Protein chains: 2
Amino acid sequence: MAASRRPTLADVAREVGVSAKTVSRVLNEDGPASAQTREQVLAAVARLGFQPNLMARNIRVGGPDTTVGLVIPDLGNPFFGAVASSIEDTVRDRGLTLLMGSSADDPERERALTATFLARRVSVLMVVPSVGADHSHLKPHRSGGLPVVFLDRPGTGLATDSVVSTNRSGAHDGVAHLIAHGHRRIGFIGDLPTKLYTRRERLAGYREALREAGLPDDRSLVTNAHDQHGASAATAQLLALPDPPTALFAGNNIVALGIVTELARSHRKDVAVVAFDDVALADALEPALTVVAQDPEEIGRTAATAALSRLDGDRSRARTLTVPTRLIVRGSGERPAP
Amino acid sequence: MAASRRPTLADVAREVGVSAKTVSRVLNEDGPASAQTREQVLAAVARLGFQPNLMARNIRVGGPDTTVGLVIPDLGNPFFGAVASSIEDTVRDRGLTLLMGSSADDPERERALTATFLARRVSVLMVVPSVGADHSHLKPHRSGGLPVVFLDRPGTGLATDSVVSTNRSGAHDGVAHLIAHGHRRIGFIGDLPTKLYTRRERLAGYREALREAGLPDDRSLVTNAHDQHGASAATAQLLALPDPPTALFAGNNIVALGIVTELARSHRKDVAVVAFDDVALADALEPALTVVAQDPEEIGRTAATAALSRLDGDRSRARTLTVPTRLIVRGSGERPAP
DNA sequence: TTGTACGCGTTATCAG
DNA sequence: CTGATAACGCGTACAA
């Protein structure tokens, strides 16, 4: 039961009585081979359970490995799960395998992950940049031909493709929707840290909408949370203000969970809510949750497609690809202001 | 702007004027090296942006690659996302990187993925087995020392570790809970295909609970769905029966979404519901959703820990590790029968 | 149709 | 302390 070495080309060759190269030829359908040897080789391959060593092959061929390195903040977040799923669907047709890791939005972990991926010579690098991360160290790789694509947020210090949602206009539309229903005091609960790109953009959209409507930008109505519980607490806090908001805008899906949960707990049915990013069960709530839906599938597909076209030699300048959001009216955002 | 070759050990060596091996020594803190050369080498490494080629290293060392191959049915399903996240957290400490792919529950895709992983000489293979897949082909690898762990469901044709939830007793408890609240006609909406392990186990738990209570096992109350929409349709269908159920048991998280959504759409507040597997926003529903919660983090951690201990030479016989479920009472399961 | 020589980038071995 | 040489498993180039 000793852990015997995995069989190699040479083992198969010896077994059949041919050269290693002949075996290689048969397996890769490369050069010609007599039906006779082909059969013998295939038989031996099956008998020994030989499987070519992909790493050895790649090192020889010299090209990049058939993998896609993907860094996301949190594998457990449904949004990123959906994005990853879509990426995989897209690159699978090219025979690429996903190499994944989560950064927890920590620049150091992100850097460690990308380093691992680069050491593995991934064909493509796709990253959701962590706050505070600098990407200028990817420059030589990028100009060396490695496609690098930023997801959800733009990177820093590197001109390359990125794919983002229409954060600003989406948030604007969501908030304008609340204003159209008579709300004048609208709370904003956003991501943490506040420097986060999506947070900034969505907040900007929120402010734009307020400004357009001639509403004051009351700082006390803008707050943050970095998880569901925090969002619940922030909700309670906003509603306890002397002059509380009559509507809330959620800066992301996790915040939305917290807001909705807190409103349900405190039986506050009078507060209007619009959330950025859709969540499961949104339409089973009472009232159903109105959202500015992102399109994670499209984000993933767009990013993967861009990366593959770079892989195919597209040398045009770096683009920022924008995936539209869509306001889905379900009820919570249409509650009239008192 | 030519895609210049990535620098190699030899390049660094030439730059400094030493041999490749010396550079290797410095980087791996292997043999001794004078402070002088060490510094020069490190400087050259930084200057050239050299990164050792992990594939080349592995091919030389011969051992398995520092990767974990993970096959799950669907990256977008929050349950599997949470499991994957937990696995990653656990193996990261060992310097292992996640190699992931989704099988869509298709045996052929599963097989293709595992083949890729094996060709990459993963250190560990973790698989959520697809329905109908046979795993006897993994036997030689497993006896060759490769840790193989099945997740969520046991595999077929291979004696190895697997990690599953207490599906049967969990479902039993959930259904018994409904019975305790007076329900005598309880609908079951399960996974598809019906051969799926989790589906069978949970259905068995459902039947056990009925039997214990002396209730008939009415086949017309047992149905299936393979996505959220299907579950909604199945819900409507069950409730349209001449003698409809007064309570529903959801066989998984996706089915739960469908049931809850359909009940909300049709304003049926009188139907009790218990779901297997927790879902986001469960406690924001009205009534909040009572669930038999799985523990995806623990499942992932348990599986990863088992795999790592095998990697460390644990040769004890294959175990089936069971992760307990927990009934979380929130409201929907406590509605009394009419 | 098949084999030989060599190289990919790295590390092990053993000599200096 | 350092270097030359071989080797890992495979593919390319060319010859037989």
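- The name an unreviewed UniProt entry gives chain A is LacI family transcriptional regulator, with Streptomyces griseoruber as the organism.

## Description of the protein's contact with DNA strand D
Argument step 1. Within the structure, DNA strand D sits among 26 residues, and Leu9, Lys21 and Arg60 of chain A together with Thr22 and Arg25 of chain B are positioned closest to it.
Argument step 2. The share of sugar and phosphate among atoms of DNA strand D within 4 Å of the protein is 58%.
Argument step 3. Taking serine 19 of chain B, its main chain carries an N or O atom lying 3.1 Å from a phosphate oxygen of DNA strand D.
Argument step 4. Note that a phosphate oxygen of DNA strand D is positioned 2.9 Å from one of the backbone N or O atoms of serine 34 of chain B.
Argument step 5. The set of elements that each furnish at least two residues to the surface near DNA strand D consists of helix 2 (20-28) and helix 4 (54-61) of chain A together with helix 2 (20-28) and helix 4 (54-61) of chain B.
Argument step 6. For the surface near DNA strand D, the class distribution of residues is ten nonpolar, nine polar and seven charged.

## Comments concerning the sheet that holds strand 7 (residues 222-224) of chain B
Residues and elements named next belong to chain B.
Argument step 1. Pairing within the open sheet is mixed, and its six strands lie in the order 7-6-8-9-10-12. Pairing within the sheet leaves two strands with one partner each, and these edge strands are strand 7 and strand 12 (326-328). Pairwise comparison of adjacent strand axes, ignoring direction, gives a mean angle of 20 degrees for this sheet.
Argument step 2. Here strand 6 (residues 186-190) pairs with strand 8 (residues 247-250) via four bridges, running parallel. Counterpart to phenylalanine 188 in the pairing with strand 8 is phenylalanine 249.
Argument step 3. Packing of helix 8 (residues 167-180) onto the sheet brings it into contact with strand 6, strand 8, strand 9 (272-276), strand 10 (290-293) and strand 12, and relative to strand 9 it is tilted by some 170 degrees.

## Side note on the packing of helix 1 (residues 9-16) of chain B against helix 3 (residues 35-48) of chain B
Residue and element names in this part refer to chain B.
Argument step 1. The contact between helix 1 and helix 3 brings their axes to 9 Å, and the two run at 120 degrees. When the axes of helix 1 and helix 3 are compared, the pair comes out oblique. Crossing angle aside, the handedness with which helix 1 passes helix 3 is right-handed. Residues Asp11, Val12, Glu15 and Val16 of helix 1 form the contact with helix 3, whose participating residues are Gln40, Val41, Ala44, Val45, Arg47 and Leu48.

## Let's talk about the relation of the copies chain B and chain A
Argument step 1. Structural alignment of chain B on chain A gives an RMSD of 0.2 Å, achieved by rotating through 180 degrees and translating 0.0 Å along the axis. Expressed as an axis order, the relation between the two copies is that of a two-fold axis. When each C-alpha of chain B is compared by its distance to the rotation axis, leucine 99 of chain B comes out closest, at 2.3 Å.
Argument step 2. Both copies contact each other with a shared surface, as 100% of the interface residues of chain B are interface residues in chain A too.

## Let's talk about the protein's contact with DNA strand C
Argument step 1. In the neighbourhood of DNA strand C, 24 residues make up the surrounding shell, with Thr22, Arg25 and Arg60 of chain A together with Leu9 and Arg60 of chain B lying closest.
Argument step 2. Of what DNA strand C places within 4 Å of the protein, 61% of the atoms are sugar or phosphate.
Argument step 3. Separating a base nitrogen of DNA strand C from a side-chain N or O atom of arginine 60 of chain A is a distance of 3.2 Å.
Argument step 4. Take serine 24 of chain B: an N or O atom from its side chain is 2.8 Å from a phosphate oxygen of DNA strand C.
Argument step 5. Elements that contribute at least two residues to the surface near DNA strand C include exactly helix 2 and helix 4 of chain A together with helix 2 and helix 4 of chain B.
Argument step 6. If you tally residues by element for the surface near DNA strand C, the top one is helix 4 of chain B, at four residues.
Argument step 7. Residue composition of the surface near DNA strand C, grouped by class: nine nonpolar, eight polar and seven charged.

Parameters at a glance
- Residues numbered from 1 in each chain as written.
- Chains lettered and ligands numbered in written order.
- Predicted model: local features only at pLDDT ≥ 70, side-chain atom pairs only at ≥ 80, totals over all residues.
- Heavy atoms only, no water.
- Near = heavy atom within 4 Å.
- Polar contact = N/O pair within 3.5 Å; in protein donor to acceptor, adjacent residues only side chain to side chain.
- Helix = DSSP H or I, 4+ residues; strand = E, 2+ residues; numbered from the N terminus.
- Nonpolar A, V, L, I, M, F, W, Y, C, P; charged D, E, K, R; others polar.
- Pairing = 2+ DSSP bridges.
- Axes fitted to C-alpha atoms, helices over the stretch in contact; angles between N-to-C directions.
- Contact = heavy atoms within 4.5 Å.
- Parallel < 35°, antiparallel > 145°, perpendicular 65-115°, else oblique.
- Left-handed = near helix turned anticlockwise from the far one by under 90°.
- Least-squares fit on C-alpha atoms with pLDDT ≥ 70 in both.

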